[in-house]
Amino acid sequence: LIPPLVPSDNSTHSSPSSSSSTPSHTTMPLHGRYKAADLEYLIYHLRDHLLKERPELFMENGTIRPGILVLINNTDWELEGEDVFISTLHGG
């Protein structure tokens, strides 16, 4: 489970909801130590909590390594936010 607020440095070992001394996410400002959960944090979370071996093959320079296809809503994440027309030619 990914909390709504995560550490700004993308550390996946602590979160606002895991500490009883941290104020609730409804009163905590988004700047500073915490930020809203985003795709960048998800990448670190997957690496640190779900990969069982060789996490260095998953990430390179803070992002997904080349050759790994990431789909968001059945769309390549590199095309997210762009108006792109992709034509597929089927033989038959």
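Placed above this text is the structure.
Scoring rules and cut-offs
Residues numbered from 1 in each chain as written. Predicted model: local features only at pLDDT ≥ 70, side-chain atom pairs only at ≥ 80, totals over all residues. Heavy atoms only, no water. Helix = DSSP H or I, 4+ residues; strand = E, 2+ residues; numbered from the N terminus. Contact = heavy atoms within 4.5 Å. Areas by Shrake-Rupley, 256 points an atom, 1.4 Å probe, with all protein chains shown as cover. Buried < 20%, exposed > 50% of the residue type's maximum accessible area, 1.4 Å probe, protein only. Salt bridge = Lys/Arg side-chain N within 4 Å of Asp/Glu carboxyl O.

Peer 1: Even after reading the chapter, I still don't get the overall build of the protein chain, so can you show me in this structure?
Peer 2: Looking only at helices and strands, one finds 1 helix and 6 strands in the protein chain. Start at the N end of the protein chain and walk to the C end: the helices and strands fall as β-β-α-β-β-β-β. Long-range contacts, defined as pairs at least 24 residues apart, comprise 49% of the intrachain contacts of the protein chain with a sequence gap of at least 6. Only carbon and sulfur atoms are counted for the fraction: they give 53% of the accessible area of the protein chain, which is about 7,100 Å².

Peer 1: What is the right way to read helix α1 (residues 39-49) from this model?
Peer 2: An α-helical turn contains 3.6 residues, so any two residues separated by three or four positions project in the same direction. Taken together, the buried positions of α1 are occupied by Tyr41, Ile43, Tyr44 and His45. For α1, the secondary structure elements touched by its buried residues are β1 (5-7), β3 (59-60) and β4 (63-64).

Peer 1: Where do I start with the environment of Leu1 in this structure?
Peer 2: As for its position among the elements, Leu1 is in the segment before β1. Taking the C-alpha atoms as reference points, Leu1 and His45, separated by 44 residues in sequence, lie 9.8 Å from one another.

Peer 1: What am I meant to see in the pattern of salt bridges here?
Peer 2: Once their charged atoms are close, side chains differing in charge can pair, the charge on each being opposite to the other. Applying the stated criterion across every chain yields a total of 5 salt bridges. For Arg54, the salt bridge goes to Glu56, with nearest N and O atoms at 3.5 Å. Residue classification places Arg54 among the exposed residues on the basis of a relative accessible area of 52%. By relative accessible area, which is 46% here, Glu56 ends up partly exposed. Here the salt bridges do not stand alone but share partners, grouping Lys35, Asp38 and Glu40 into one network.

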